[in-house]
Amino acid sequence: MSKRFTSLALTAHPPAAARRGRGRSRRVVAPFTAVSVLVAGAALAGCGQQRDADTYTVMNSSTDESYHRWDAEAMARCGKELGVTIEQQSVPAAQVMTKALRMASSKSLPDIVQFDASEMPTFADAGGLVDLRTLGLSTDDIPDGIVDFGSYKGTYYGAARSVNTLALFYNKDLLDQAGVEVPTTWAELRATAQKLTRGKQYGLALSAGGAEDGVFQFTPFMWSNGGDETDLDGPKVVEALDYWKGLLKDRSLSKSTVNWTQADVNDQFMAGNAAMMINGPWQVETLNSDTSLHWGIAPIPVPRAGDDSVGPLGGAVLTVPNTGDEAREKTAGKIIACLASEKEQLTYALNSWMVPANAKAAAVWREKVPELDSLADQVAVARSRTAKLGAGWSSVSLALQSAFQSALTGQSSETALKRAQQRATSGN
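The numbers attached to residues start from 1 for each chain and follow its sequence in the written order. At least 70 in pLDDT is required for a residue's local features to be given in this predicted model, at least 80 for side-chain atom pairs to be given and counted, and no such filter applies to totals for whole chains, interfaces and linings, which use all residues. No hydrogens and no water enter the side-chain calculation; it runs on all heavy atoms of the structure.

You'll find the protein entered in an unreviewed UniProt entry as Sugar ABC transporter substrate-binding protein, with Streptomyces anthocyanicus given as the organism.

## Thoughts on the overall build of the protein
Within the protein, the regular secondary structure consists of 19 helices and 12 strands. Only protein chains enter the area calculation, which uses a 1.4 Å probe; residues under 20% of their type maximum are buried, those over 50% are exposed, and those in between are partly exposed. Within the protein, the fraction of its 428 residues that count as buried is 59%. Residue contacts are counted whenever heavy atoms from the two residues lie within 4.5 Å of one another. For the protein, contacts bridging at least 24 residues in sequence account for 76% of all contacts bridging at least 6. A 1.4 Å probe and the Shrake-Rupley method give the accessible areas. Residues count as covered only by the protein chains that appear here. For the protein, the accessible surface area stands at approximately 16400 Å², while carbon and sulfur atoms represent 49% of it. Helix numbering and strand numbering both begin at the N terminus, where a helix is a DSSP run of H or I of at least 4 residues and a strand a DSSP run of E of at least 2.

## A few points about the packing of aromatic side chains
Any two rings among Phe, Tyr and Trp, with Trp reduced to its six-membered ring, count as a pair given centres within 6.5 Å; such a pair is stacked if its planes are under 30 degrees apart, edge-to-face if over 60, and tilted if neither. Taken as a whole and judged by the stated rule, the model has 11 aromatic pairs. On the basis of an interplanar angle of 45° and a centroid distance of 6.2 Å, the ring pair of F216 and W282 is categorised as tilted. With a gap of 66 residues between them, F216 in helix α10 (residues 212-224) and W282 in the loop between β9 (274-279) and α13 (284-287) connect regions that are remote in the sequence. The class of F216 is buried, set by a relative accessible area of 0%. The class of W282 is buried, set by a relative accessible area of 5%. An aromatic cluster is built from W186, F218, F221, Y243, W244 and F404, whose rings are joined through pairwise contacts. Criterion for a charge above a ring: Arg CZ or Lys NZ at most 6 Å from the ring centre, at most 35 degrees from the ring normal. The residue whose ring lies beneath R161 is Y348, and the NZ or CZ to ring-centre distance is 4.1 Å. Looking at R383, its charged tip hangs above the ring of W223, at a distance of 4.1 Å from the centre.

## Overview of the pattern of salt bridges
Any Lys or Arg side-chain nitrogen located within 4 Å of an Asp or Glu carboxyl oxygen qualifies as a salt bridge. According to the stated counting rule, one finds 14 salt bridges in the structure shown. The closest approach of N and O atoms between D71 and R161, which form a salt bridge, is 2.8 Å. Separated by 90 residues along the polypeptide, D71 in helix α4 (residues 65-82) and R161 in the loop between β5 (155-156) and β6 (162-163) bring together distant segments of the chain. Judged by relative accessible area, D71 falls into the buried class, the value being 1%. Its relative accessible area of 7% is what places R161 among the buried residues. Linking R385 and E212 is a salt bridge whose minimum nitrogen-to-oxygen distance equals 2.7 Å. A residue pair is termed long-range when its members are at least 10 positions apart, and R385 in the loop between α17 (373-381) and α18 (393-407) and E212 in helix α10 qualify at 173 residues. Since its relative accessible area comes to 2%, R385 is described here as buried. On the accessibility criterion, E212 (1% relative accessible area) is buried.

## Describing the side chain of Q421
Locating Q421 in the fold gives a position in helix α19 (residues 413-426). Exposure remark for Q421: the relative accessible area of 18% places this residue in the buried category. Those residues within four positions of Q421 in sequence are excluded, and the remaining contacts are T230, D231, L232 and D233.

## Some details on helix α16 (residues 359-368)
Considered for burial, the residues of α16 that qualify are A361, A362 and W365. Down the axis of α16, the sector holding all buried residues measures 100°, keeping them to one side. Those residues of α16 hidden inside the fold are in contact with α15 (342-352), β12 (355-356) and α17. Of the residues flanking the start of α16, the one acting as N-cap is N358, its side-chain oxygen 2.9 Å from the backbone nitrogen of K360. Summarising the geometry, the arc corresponds to the directions from the helix axis toward the C-beta atoms. Polar contacts, as used here, are pairs of N or O atoms within 3.5 Å; protein pairs need one atom able to donate a hydrogen and one able to accept it. Residues neighboring in sequence count only if both atoms are side-chain atoms.

## Some points on the pairing of β9
Burial runs high along β9: 6 of the 6 residues are buried. Pairing between strands requires that DSSP locate at least two bridges from one strand to the other. As paired strands, strand β7 (residues 167-171) and β9 are joined by 4 bridges and run antiparallel to one another. The partner of L168 across the bridge, within β9, is I278. Two elements, strand β8 (residues 202-205) and β9, share 3 bridges in a ladder whose sense is parallel. Among the inter-strand pairings, L204 is bridged to a residue of β9, identified as M276.

## Topic: unusual backbone geometry
Positioned with a positive phi, K153 is a non-glycine residue whose angle comes to about 50°. One can find K153 in the loop between β4 (151-152) and β5. Owing to a relative accessible area of 63%, K153 belongs among the exposed residues under this scheme. The phi torsion at W353 lies on the positive side, around 70°, for a residue other than glycine.

## Considering the nonpolar core
Residues F115, F169 and W295 are the most contacted members of the largest nonpolar core, which totals 75 residues. No other element matches the 6 residues that helix α5 (residues 96-105) contributes to this core. Among all residues touching F115, those that are not within four sequence positions of it are V96, M97, A100, M120, F123, L129, A316, V317 and T319. Among the nonpolar cores identified, the runner-up in size contains 53 residues, and L175, V180, L204 and W223 belong to it. Here, nonpolar core refers to any group of buried Ala, Val, Leu, Ile, Met, Phe, Trp, Tyr and Cys residues whose side-chain atoms link them within 4.5 Å.

## Here we look at the sheet that holds β7
Spatially, 4 strands are ordered β8-β9-β7-β10 in an open sheet, and the strand pairing comes out mixed. Each edge of the open sheet is held by one strand with a lone partner, namely β8 and β10 (295-298). When strand polarity is set aside, the average angle formed by the axes of neighbouring strands in this sheet is 20°. Axes here mean lines fitted to C-alpha atoms, for a helix over just the part in contact, with angles spanning 0 to 180 degrees between N-to-C directions.

## Quick word on the environment of V302
Structurally, the position occupied by V302 is in the loop between β10 and β11 (316-319). According to the relative accessible area criterion, V302 is buried, its value standing at 6%. In the structure, V302 is positioned 77 residues away from N225 in sequence and 7.4 Å away in space, judged by C-alpha atoms. Apart from the residues within four sequence positions on either side, V302 is in contact with T184, T185, W186, D307, D308 and S309.

Written out as structure tokens, the structure reads:
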């Protein structure tokens, strides 16, 4: 067992928890203390099981048929190039962290784990990941914001193949019928949503559910308004939540928004029950399956004209668990370098409608899918949820989830967010 793997038990320390960034399904937050104990316990117990020398395993959340197939094809190409067999093990997004913890405790971690970027800091802080730069991975041609997205405390642990953020999707036919333009400011969004609300049709759909999906969707309103995750009961955050409450009061949002995931939001939009929605590019494949639906995409409206629309940077990162087998870790690094190469990123992004992390690949992507140019613009100013708080983000996420449920069902935003700040600070 390597010395650096043994030292894991000495360096692990307990802050908080974590979760996801991309948006295809709900994710359960795993307590950071559990991560520390289980990962450190694995370090103390030994260096792991015997493995097939030429077979490498990648654990990811690509359970959707299309994503699983695209990943399998990429792994087959990289395996052929490197002379190894790469096996894909896909589990639901909500189970990646808990599955990784169980595998750490039984010393059976895969060679590569694709974590949601918001979860990665928790595993990294427990000492469970290898610095990718020590494995030869370069960050050339990757924008600083995306390098930070895959980093924790300045160390590059996760390579992103693609990134995403949120945007405003709108039904072109419904907006034309109502004689309204695509809104660009909060005032315009509220007025437009009101005009588009008629009968069973709501003007806007978004996710405010008690899970990370809702937090992911709140960040553009909080950040674009100047709010900050370190000051949840600050006036700018209160104002952003009050804006959501105003949309609900106008009946422009369904009362069910407090229960909806982002997938639910997309279902409502496709069914014609919402004229606009806040969502991400992972929905494009489904949207395009209905040829009668004429949709467009635009930046999420901002509080005032001229403000930046600052959304959350979402996506997953490929990491190498710290197993103590340095030879396998080095080969795992080569596999990640191949999967995250400019060519493979472009192929994956064109399949999935995500934005390539590599700047050169992203430039080509813009030319090939000009209809999603607004999404690329949003990515350019998007922020990582864990940039300021690292593993502490999960406490903020849980606190905000509770605040949404309280504020959108009657409590004042100020009271709900004051309680959220207390919860985030105390971890309870």
